[in-house]
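Results of the structural survey
Listed here are the chains, written in short residue letters.
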Amino acid sequence: MAGQSHYTLPRPEFDTAPKVLIVVAPFYRDIADGLLAGARAELEAAGCTHETIEVPGALEIGPAIGIAGRMSNFDGYVALGCVIRGETTHYETVCNDSSRALTLLGLSGHCVGNGILTVETHEQAAVRADPGGQNKGGGAAAAALHLMALARRWGSARKGVGFTSERLMAGGAAGADTGDGSTA
């Protein structure tokens, strides 16, 4: 299906520049560099500020985003990495668990663009990582931008969806009586 075209949403616009964390697993450095170039170009075209950190592998991307979500003030996250099938079932574990972690982060209110490639060969990864080709790094950044735009539409620039660290630290529980006639 490589010959078929697909629709790409227009890039969202922001009143104030979003702050984005790019988390990359550079196990395959050449692939990571292509993904990073595409992601950075997309974020900069949208006027974002961004920071990049590296983690050892795809399994560490989700936890790094979770830590940043609890301890920093990023509006969104771009997850970049590559998993290439090997001779063992480790491939399935890494693919499934890294994807599951990002899905759970998204469901908890983090605006995450998933740019973790899961491929059979290095050649497939190179085509997908190329910023002048399939540009999956740019696509992951675009996905994060669209989620951030929705979060701003339905809340404030830094308002989370779900439990916030302030609420958890204050001991608030969902549905708990706050003492003023309302519930938390």
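Before any of the text, the structure's been laid out above.
My aim in this report is to walk through the structure given alongside it, one point at a time. (Residues numbered from 1 in each chain as written. Predicted model: local features only at pLDDT ≥ 70, side-chain atom pairs only at ≥ 80, totals over all residues. Heavy atoms only, no water.)

**Remarks on helix H3 (residues 90-107)**
Just so we agree on the cut-off: Secondary structure elements are defined from DSSP: runs of H or I of at least 4 residues count as helices, runs of E of at least 2 residues count as strands, and each element is numbered from the N terminus. Multiplying 1.5 Å by the residue count of a helix minus one yields the expected span of that helix. Burial classes: relative accessible area under 20% of the type maximum marks a residue as buried, over 50% as exposed, and values in between as partly exposed (1.4 Å probe, protein chains only). The directions considered for the arc are those from the helix axis to the C-beta atoms. Between two residues, a contact is recorded if the distance between any of their heavy atoms is within 4.5 Å.
Across its 18 residues, H3 extends 26 Å between first and last C-alpha, which sits within 8% of the 26 Å expected from 1.5 Å per residue. Of the residues making up H3, those classed as buried are Tyr91, Val94, Cys95, Ser98, Leu102 and Leu105. The buried residues of H3 occupy an angular sector of 110 degrees when the element is viewed end-on, so they sit on one face. Exposed residues on H3 whose side chains face more than 90 degrees from its buried face are Leu104 and Leu107. Where H3 is buried, its residues touch helix H2 (61-71), strand S3 (76-84) and strand S4 (112-119).

**Here we look at the side chain of His110**
What counts here: Between N or O atoms, a polar contact is any pair within 3.5 Å; within protein, one atom must be a potential hydrogen donor and the other a potential acceptor, and residues adjacent in sequence are included only when both atoms are from side chains.
Looking at where His110 falls in the secondary structure, it is placed in the loop between H3 and S4. Using a relative accessible area of 19% as the deciding quantity, one classes His110 as buried. Here the side chain of His110 touches Ser108 through a polar contact of 3.0 Å, side chain to side chain.

**A few points about helix H1 (residues 29-45)**
Between the first and last C-alpha of H1 there are 24 Å, a value that for 17 residues agrees with the 24 Å anticipated at 1.5 Å per step. Residues of H1 that are buried sit in contact with strand S1 (19-24), strand S2 (49-54), S3, S4, helix H4 (122-129) and helix H5 (136-154). Just downstream of H1 lies Gly47, where phi reads positive at about 80 degrees.

**With respect to the pairing of S2**
Operational definition: In this description, strands pair whenever DSSP reports at least two bridges between them. Here the term right-handed applies to a crossover when the path leading from its first strand over the helix to its second strand runs clockwise, the strands being oriented away from the viewer.
Taken together, the six bridges between S1 and S2 define a ladder with parallel strand orientation. Pairing of Lys19 across the sheet is with Thr49, part of S2. Read as a crossover between parallel neighbours, the route from S1 over H1 to S2 is right-handed.

**A short note on the packing of H2 against H3**
Rule in force here: Lines fitted to C-alpha atoms define the axes, with helix axes restricted to the stretch in contact, and inter-axis angles between N-to-C directions lie between 0 and 180 degrees. Reported orientations rely on four angle classes, namely roughly parallel under 35 degrees, roughly antiparallel over 145, roughly perpendicular from 65 to 115, and oblique for the rest. Three classes are used: nonpolar for Ala, Val, Leu, Ile, Met, Phe, Trp, Tyr, Cys and Pro, charged for Asp, Glu, Lys and Arg, and polar for all others, with Gly counted as polar.
Look at H2 against H3: their axes get within 8 Å of each other, and the N-to-C directions meet at 25 degrees. By the criterion of interaxial angle, the relationship of H2 to H3 is roughly parallel. Together, Ile61, Gly62, Ile65 and Gly66 of H2 and Ala101, Leu102 and Leu105 of H3 make up the contact between the two elements. Residues that form the contact of H2 with H3 fall into these classes: five nonpolar, two polar and no charged.

**Notes on the environment of Thr52**
When you line up the elements, Thr52 lands in strand S2. What Thr52 contacts, discounting residues up to four positions off in sequence, is Ile22, Val24, Leu36 and Arg40. In this structure the side chain of Thr52 is engaged in a polar contact, spanning 3.1 Å, whose partner is the side chain of Arg40.

**Let's talk about the sheet that holds S1**
Taking strand neighbours across the sheet as the criterion, the four strands line up as S2-S1-S3-S4 in an open arrangement whose pairing is parallel. Two strands lie at the open edges of the sheet, namely S2 and S4, each paired on one side alone. Strand-to-strand, the axes of this sheet are offset by a mean angle of 15 degrees, without reference to chain direction. Where H2 meets the sheet, it contacts S1, S2, S3 and S4, and its direction lies at approximately 170 degrees from that of S3.

**A closer look at unusual backbone geometry**
Positive phi, normally seen in glycine, also occurs at Asn135, with a value near 50 degrees. Structurally, Asn135 can be placed in the loop between H4 and H5. Residue Asn135 is classed as partly exposed on the basis of its relative accessible area, which comes to 21%.

**Some details on the nonpolar core**
The cut-off we apply is this: We call a set of buried residues a nonpolar core when its members are Ala, Val, Leu, Ile, Met, Phe, Trp, Tyr or Cys and they connect through side-chain atoms within 4.5 Å of each other.
With 26 residues, the main nonpolar core has Leu43, Val78, Leu80 and Leu117 as its most contacted residues. Broken down by element, the residue count for this core peaks at six residues, all from H1. Beyond its immediate chain neighbours, meaning those up to four positions away, Leu43 contacts Val20, Ile22, Cys48, His50, Val78, Ala141 and Leu145. Core analysis: the next-biggest nonpolar cluster, separate from the first, contains 20 residues, Ala68, Phe74, Leu105 and Val112 among them.

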